[in-house]
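# Observations on chain architecture
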Amino acid sequence: MAQPHTVVVLHNGSPVECPWAPSAAAILEMYLCGEGAGEATDRLLYGEVNPSGHLAETFPMKLSDNPSYLNFPGQMKTVNYAEGVFVGYRYYEKKEMPVRWAFGHGLSYTTFDMTNVKLSASSMTDDSELTVTVDVTNTGSTAGAEVVQLYVADKNGTPERPLKELKDFAKVYLQPGETKSVEMHLTARDLSYFEERLGDWYAPSGKYELLIGDASDHIILNEEISFTTEKVIPLHVAGDTITEELLANPKTAPVIKAMIAKGAAAMSGGEAEEGSAAAEAITDKMNRAMMMYMPLKSLPSFGTMTPDQLDGLIAKLNS
């Protein structure tokens, strides 16, 4: 185990467990740097060069924290890739799981500050490009380079999306006290996920947060933009379709809004007497919330329509 004030140099090609990390004064990650590793390490340790790399992967606290731990290496020559998009920092953040070093992490012999974020526009469409400008200042006494990272967060409640995703970054070299502006760029593709029902990349209309920092777990600046798309996901309505999906579609939303208002009113006027504990507990707001996440096939059981009327509603929505 490393002793206090020890400098540890890692020459590895992937994240490893580092339970001894708290006992080390410094850790230098060299990765696969070939025959020049020795000379490069010496120059970094003696301050001839300032380290400026940032991690392109997350170091977990232990191997079993890895999102693929239960699936890899698999059995009978088959590996079940069950993580989906939740790999690396996307998984650890969604699980709210502590890590040893986060994606994008990197230290230096100097310090930096990020300020004055500017956007070329406050909104985007399918065809537009957004420019993000940030001022970076070397606030220390040693020349060095910083990596500015731009993440995007979907704030529209889209199912199965990461909390945020890296979409651009810029590395800038600065003398002590020097300030430079860096530019990063976003298009509709950077806000999107691949929508199988559409067979294309898709970002729902709504709000998106732009997060700027020097690591995935160290966000310094943030701004919000709005996005409007003309793409429409093909909708096939069935009994297991929930009303929330129908409200998100501009063509079916008017029908569902009217249905929810009628159903909530009917449910509010049920058997519970006014002033009773049941009446106070089952509020109009609760009724509306229940209907929001209710599959259409459940409507007849609440007395809001008959099975034949439900079939008619589904046919109307599909048309």
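Refer to the structure presented above.
Everything in this summary refers to the structure shown in the same document. (Residues numbered from 1 in each chain as written. Predicted model: local features only at pLDDT ≥ 70, side-chain atom pairs only at ≥ 80, totals over all residues. Heavy atoms only, no water.)

Right, let's talk about unusual backbone geometry for a bit. Each neighbour pair has its own omega, and for Phe-72 with Pro-73 the value is 10°, a cis peptide bond. Within the fold, Pro-73 resides in the loop between strand E3 (59-60) and helix H2 (89-94). (Helix = DSSP H or I, 4+ residues; strand = E, 2+ residues; numbered from the N terminus.)

It is worth spelling out a nonpolar patch on the surface at this point. The grouping of Val-7, Leu-45 and Tyr-46 at the surface amounts to a nonpolar patch, some 330 Å² of accessible area in total. For Leu-45, the location among the structural elements is in helix H1 (residues 37-45). The partly exposed category is assigned to Leu-45, whose relative accessible area is 38%. (Patch = residues over 30% accessible without salt bridge, like charges linked within 9 Å, V, L, I, M, F, W, Y side chains within 5 Å. Areas by Shrake-Rupley, 256 points an atom, 1.4 Å probe, with all protein chains shown as cover. Salt bridge = Lys/Arg side-chain N within 4 Å of Asp/Glu carboxyl O. Buried < 20%, exposed > 50% of the residue type's maximum accessible area, 1.4 Å probe, protein only.)

On to the sheet that holds strand E8 (residues 144-154). Here five strands make up an open sheet; going across it, the order is E6-E14-E13-E8-E9 and the pairing mixed. Strand pairing shows two members of the sheet lacking a second neighbour, strand E6 (123-125) and strand E9 (165-174), which therefore form its edges. For this sheet the average axis-to-axis angle between neighbouring strands, irrespective of direction, equals 30°. (Pairing = 2+ DSSP bridges. Axes fitted to C-alpha atoms, helices over the stretch in contact; angles between N-to-C directions.)

Overall, antiparallel pairing links the three strands, which are arranged E5-E7-E10 in an open sheet. Of all the strands in the sheet, just strand E5 (112-119) and strand E10 (179-187) have a single pairing partner and so form its edges. If you compare each strand with its neighbour and ignore which way they point, the axes differ by 25° on average.

A few words now on the nonpolar core. Within the largest apolar cluster, 26 residues are counted, with the highest numbers of intra-cluster contacts made by Val-132, Val-134, Val-136, Leu-210 and Ile-212. Per element, the largest residue contribution to this core is four residues, and it comes from strand E7 (residues 129-138). Core analysis: the second largest hydrophobic core is formed by 13 residues, Leu-246, Ile-260, Met-305 and Leu-313 among them. (Core = buried A, V, L, I, M, F, W, Y, C linked by side-chain atoms within 4.5 Å.)

Attention now moves to the environment of Met-114. Relative to the helices and strands, Met-114 is located in strand E5. With 98 residues separating them along the chain, Met-114 and Ile-212 place their C-alpha atoms 8.6 Å apart. Excluding residues within four positions of it along the chain, Met-114 makes contact with Val-134, Asp-135, Val-136, Glu-146, Val-147, Val-148, Ile-212, Gly-213, Asp-214, Ile-220 and Leu-221. (Contact = heavy atoms within 4.5 Å.)

Okay, the layout of surface pockets next. Size it by volume and the largest pocket reaches roughly 1,100 Å³. Around the largest pocket sit 36 residues that line it, and Thr-158, Pro-159, Tyr-193, Glu-195 and Arg-197 are the ones nearest its centre. Elements with a contribution of two residues or more to the lining of the largest pocket: E9, strand E11 (193-195), strand E12 (200-202) and helix H4 (243-247). Top contributing element to the lining of the largest pocket by residue count: E11, with three residues. For the lining of the largest pocket, the class distribution of residues is 16 nonpolar, eight polar and twelve charged. Roughly 730 Å³ of volume is contained in the second largest pocket. Where the lining of the second largest pocket is concerned, the elements lending two or more residues are strand E1 (6-10), strand E2 (24-29) and H1. The element contributing the most residues to the lining of the second largest pocket is E2, with five residues. (1 Å grid on protein atoms, 1.4 Å probe; cavity = no way out; pocket = protein on both sides within 12 Å on 5 of 7 lines; lining within 4 Å. Points joined across faces, edges and corners; volume = space filled by probe spheres on them. Nonpolar A, V, L, I, M, F, W, Y, C, P; charged D, E, K, R; others polar.)

Further remarks concern the environment of Lys-155. You can see Lys-155 is positioned in the loop between E8 and E9. Distance in space between the C-alpha atoms of Lys-155 and Ser-226 is 10.0 Å, their sequence separation being 71 residues. Other than its neighbours up to four places away in sequence, Lys-155 contacts Lys-207, Tyr-208 and Glu-209.

This part takes up the side chain of Gln-149. Within the element layout of this structure, Gln-149 appears in strand E8. Take Gln-149: its relative accessible area is 3%, and that puts it in the buried class.

It is worth spelling out the environment of Phe-194 at this point. Within the element layout of this structure, Phe-194 appears in strand E11. Look at Phe-194 and you get partly exposed, because its relative accessible area is 43%. Those residues in contact with Phe-194, other than ones at most four positions away along the chain, are Gly-199, Asp-200 and Trp-201.

With that settled, consider the pattern of salt bridges. Evaluated as defined, the whole model comprises ten salt bridges. A salt bridge links Glu-178 to Lys-180; the nearest nitrogen and oxygen atoms lie 4.0 Å apart. In this structure Lys-180 comes out as partly exposed when scored by relative accessible area, which is 34%. Each of Arg-90, Asp-154, Arg-161 and Glu-165 takes part in salt bridges that share partners, so that together they form one network.

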